[in-house]
Amino acid sequence: MDRLLITPIFLSLLLISFSVFSEVQSTTFKIVNKCRHTIWPGILTGADRAPVNPTGFVLKSGKSKTLKMPRAWSGRVWGRTLCSNDPSTGKFTCVTGDCGSGKVECAGAGAIPPASLAEFTLNGDQGLDFYDVSLVDGYNLPMLIVAKGGTRGGCSATGCLVDLNGACPRDLRVASGSGSRSESVGCKSACLAFNDPIYCCSEAYNTPDTCHPSSYSLFFKHACPRSYSYAYDDKTSTFTCASADYLIIFCPPPYTSQKVLGARKDSAELPLVNKTMMYIGRHH
């Protein structure tokens, strides 16, 4: 049998074809700001994963930004609000979701709670992407993840479409301003508010058998049934999809249409939004 001769030209064509295929297969995140105000998204890459740039940027109302993600990326995306540069120091800070870098770019720093988080592990077990919206670290903005063009997995939309700031329990509320101008801009988790192991699922409560939902976590879960509300909320809060691109929408309308969510039949166990709580908070 003749030996297969691999010429430099053939090898070049092979590499080009592989490059084009890889390009097609890469995942994109389209981050959309439907809030009535500017936000500053932050991005944190997980340990031992290829980083993404930028790690933070400004996104004005009505605008979007599309990022190409590394094939096996893992990390989280969140929105920062009420950000400004300190006139005396020039340091960049945000009232909610600040990453403490002193700059628009977070440069490897995560969100200071409370912050609503979009969490991803791309190309994980069996080639599936795993994603969720977590309120375990509290809440600051409504957000929605929509998988587009997925080939396997449930590919359900998930998120918290309700503005919870105005209805946040007083013990958890984060306020900005003073006196009559004070307004709720964030909602802490019970763990952050009370630092109690029973709420933090730590120490004697660090297993699914010993850590249970609290009245505080149920506030989040009732309003946003598919969001993570406490540490062991996996069953109804983690979603999978393969070969998808993702929309990450801040301040999506609670009545977000099926056209945005996609035509695929939704197989999720719980509804995306509790319709009795759609308008409990102030509007963004």
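One can find the structure itself at the top, above this paragraph.
Here, residues in each chain are numbered from 1, in the same order as that chain's written sequence. Under the rules for a predicted model, residues below a pLDDT of 70 receive no local features and side-chain atom pairs below 80 are neither given nor counted, while totals for whole chains, interfaces and linings still include all residues. To obtain the side-chain values, all non-hydrogen atoms of the structure were included, while hydrogens and water were left out.

A.B. asks: Is there a simple way to explain the state of the cysteines in this structure?
C.D. replies: The bond known as a disulfide is covalent and runs between the sulfur atoms of two cysteines. Two cysteine sulfurs form what is called a disulfide whenever their separation falls within 2.5 Å. The full count for this structure, using the stated rule, is eight disulfides. The partner cysteine of cysteine 83 in its disulfide is cysteine 94, sulfur to sulfur 2.0 Å. Measuring handedness by torsion sign, the sulfur bridge of cysteine 83 and cysteine 94 sits at about 110 degrees and is right-handed. In this pair, cysteine 83 is assigned in strand E4 (residues 74-85) and cysteine 94 in strand E5 (residues 92-96), connecting sequence segments eleven residues apart. Here cysteine 155 is linked by a disulfide to cysteine 241, with a sulfur-sulfur distance of 2.0 Å. Disulfide cysteine 155-cysteine 241: the torsion about the S-S bond is 85 degrees, which places it as right-handed. Here the residue cysteine 155 occupies a position in the loop between strand E8 (143-148) and strand E9 (158-160), and cysteine 241 occupies one in strand E12 (residues 239-241), the gap between them amounting to 86 residues. Partly exposed describes any residue whose relative accessible area lies between the buried limit of under 20% and the exposed limit of over 50%, with all areas from a 1.4 Å probe on protein chains only and scaled to the type maximum. Judged by relative accessible area, cysteine 155 falls into the buried class, the value being 7%. Given a relative accessible area of 0%, cysteine 241 falls into the buried group. Under the scheme used here, helices are H or I runs from DSSP no shorter than 4 residues and strands are E runs no shorter than 2 residues, and both carry numbers assigned from the N terminus.

A.B. asks: How should I be thinking about the nonpolar core in this particular structure?
C.D. replies: One broad trend across soluble globular proteins is that nonpolar side chains are buried collectively. Membership of the largest hydrophobic core comes to 29 residues, with the highest contact counts inside it found for Phe29, Trp73, Phe120, Tyr246 and Ile248. Those elements that place two or more of their residues in this core are strand E1 (27-33), strand E3 (64-69), strand E6 (117-121), strand E7 (129-134), E8, E12 and strand E13 (245-250). Note on contacts: a residue pair qualifies if any of its non-hydrogen atoms lie within 4.5 Å across the two residues. Once residues lying within four places of it in the same chain are set aside, the contact partners of phenylalanine 29 are Lys65, Thr66, Leu67, Met69, Trp73, Val77, Phe120, Leu122, Tyr246 and Ile248. Among the nonpolar cores identified, the runner-up in size contains 23 residues, and Leu144, Cys168, Tyr216 and Phe219 belong to it. In this text, buried Ala, Val, Leu, Ile, Met, Phe, Trp, Tyr and Cys residues form a nonpolar core when linked through side-chain atoms within 4.5 Å.

A.B. asks: How should unusual backbone geometry be read in this particular structure?
C.D. replies: Apart from glycine, the bulk of residues carry a negative phi angle, and the bulk of peptide bonds sit in the trans form. Residue proline 54 is reached from asparagine 53 by a cis peptide bond, and omega for that bond is 0 degrees. Inspection of the secondary structure puts proline 54 in the loop between strand E2 (40-45) and E3. Here the bond from proline 113 into proline 114 is cis, since omega is 5 degrees, no more than 30 degrees from zero. Locating proline 114 in the fold gives a position in the loop between E5 and E6. Of note in the backbone geometry, cysteine 155 takes a positive phi value of approximately 55 degrees without being a glycine. A positive phi is found at serine 243, a non-glycine position, where the angle reads about 55 degrees. Mapped onto the fold, serine 243 is located in the loop between E12 and E13.

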